[in-house]
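Letter by letter, the chains look like this.
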Amino acid sequence: MGEQDGRRERADERADRRWNELLQEVRVVQTGAQVLFGFLLSVVFTPKFDTLGDFDNGLYVAAVVLGAASMGVLVSMVSLHRAVAGQHLKPRLVHLANHLLTVGVGLLACTIGCSLLLLLRVATDTVTAAVLTTLAAVWFLCWWLVLPLVLRLRVPGSPTGK
């Protein structure tokens, strides 16, 4: 029985638990990504879209491509699970899915950044849009990267902790 994290569970039980936890996290992220991606797909059909300049059009294309890429990575965990179901590979699948979720969230953050910059450039001036998008990016970095890193650093006995 492994007790690395204070639990008394076998490796397969730990993998099952971690897989279920990961799926719950993916569901939350995936819902937001789907809503944003759906919104992005509809923008091209609005009358305002034809008035976008080259930079804003490129920004829109980047947001759509990044949104599609994030959806591809986030949904890949389902197809991976289906492909290896019953092969006794769940611990490896959990490890890979952790990395994929990180990539998917990173792509989603880039999608949000491009979308926000585009929206703010249409609604305000370029400088205001750049400042507000930068502040939003810092906000996301604090919550999505810095806070988790600080928490990991404070956990005694962890590889990165004291």
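Each remark here, short or long, concerns the structure printed above.
Residues numbered from 1 in each chain as written. Predicted model: local features only at pLDDT ≥ 70, side-chain atom pairs only at ≥ 80, totals over all residues. Heavy atoms only, no water.

J.: Would you take a moment to explain the layout of surface pockets for this structure?
T.: If a probe as big as a water molecule is rolled over the atoms, it shows which places are left empty. For the largest pocket, the calculated volume is near 760 Å³. Around the largest pocket, the lining is made up of 22 residues, and of these T102, V105, W144, L145 and P148 lie nearest the centre. For the lining of the largest pocket, the secondary structure elements donating two or more residues are α3 (90-123) and α4 (126-153). At 12 residues, the largest contribution of residues to the lining of the largest pocket is made by α4. (1 Å grid on protein atoms, 1.4 Å probe; cavity = no way out; pocket = protein on both sides within 12 Å on 5 of 7 lines; lining within 4 Å. Points joined across faces, edges and corners; volume = space filled by probe spheres on them. Helix = DSSP H or I, 4+ residues; strand = E, 2+ residues; numbered from the N terminus.)

J.: Would you mind going over the packing of helix α1 (residues 11-43) against helix α2 (residues 54-84) with me for this structure?
T.: If you want to describe how two helices pack, look at the angle between their axes and the distance between the axes. Look at α1 against α2: their axes get within 9 Å of each other, and the N-to-C directions meet at 150°. The pairing of α1 with α2 is recorded here as roughly antiparallel in orientation. Of the two elements, α1 crosses α2, and the hand of that crossing is left-handed. In contact with W19, L22, V26, V29, Q30, A33, Q34, F37, L40, L41 and V43 of α1, α2 contributes Y60, A63, V64, G67, A68, S70, M71, L74, V75, M77 and H81. (Axes fitted to C-alpha atoms, helices over the stretch in contact; angles between N-to-C directions. Parallel < 35°, antiparallel > 145°, perpendicular 65-115°, else oblique. Left-handed = near helix turned anticlockwise from the far one by under 90°. Contact = heavy atoms within 4.5 Å.)

J.: What am I meant to see in the nonpolar core here?
T.: Looking at soluble globular proteins, one finds that nonpolar side chains tend to be buried together. W19, L22, Y60, L74, M77 and L101 are the most contacted members of the largest nonpolar core, which has 31 residues in total. Listing elements by their share of this core, those giving two or more residues are α1, α2 and α3. If one sorts the elements of this core by residue count, α3 sits on top with 11 residues. Ignoring anything within four residues of it in the chain, the contact list for M77 reads W19, L22, V26, A97, L100 and L101. (Core = buried A, V, L, I, M, F, W, Y, C linked by side-chain atoms within 4.5 Å. Buried < 20%, exposed > 50% of the residue type's maximum accessible area, 1.4 Å probe, protein only.)

J.: Would you mind going over the packing of aromatic side chains with me for this structure?
T.: A complete count under the given rule lists 3 aromatic pairs for this structure. Considering the side-chain rings of F49 and Y60, the 5.0 Å spacing of their centres and the 70° angle between planes classify their relative orientation as edge-to-face. With F49 in the loop between α1 and α2 and Y60 in helix α2, the pair connects residues that are 11 residues apart, well separated along the chain. By relative accessible area, which is 14% here, F49 ends up buried. Centre to centre, the rings of W139 and W143 are 5.6 Å apart; their planes meet at 65°, and the pair counts as edge-to-face. A residue pair is termed a helical-turn pair when its members lie 3 or 4 positions apart in one helix, as W139 and W143 do in helix α4 at 4 residues. For W139, a relative accessible area of 55% translates into the label exposed. (Phe/Tyr/Trp six-rings, centres within 6.5 Å; stacked < 30°, edge-to-face > 60°.)

J.: In this structure, what is going on with the packing of α3 against α4? I would like to understand it.
T.: Remark: α3 packs on α4, axes separated minimally by 8 Å, with the N-to-C direction vectors making an angle of 155°. When the axis of α3 is compared with that of α4, the two are roughly antiparallel. For the pair α3 and α4, the sense of crossing is right-handed. For the pair α3 and α4, the contacting residues are V105, A109, I112, G113, L116, L117, L120 and R121 in the first and T126, A129, A130, L132, T133, A136, F140 and W144 in the second.

J.: Please explain unusual backbone geometry as it appears in this structure.
T.: With the exception of glycine, the majority of residues adopt a negative phi angle, and the majority of peptide bonds are in the trans configuration. Residues other than glycine seldom take positive phi values, yet H88 does so here, at roughly 60°. Tracing the chain through its elements places H88 in the loop between α2 and α3. Owing to a relative accessible area of 77%, H88 belongs among the exposed residues under this scheme.

J.: What is the right way to read the environment of H81 from this model?
T.: Within the secondary structure, H81 is located in helix α2. H81 sits 16 residues away from A97 along the chain, and the two C-alpha atoms are 9.3 Å apart.

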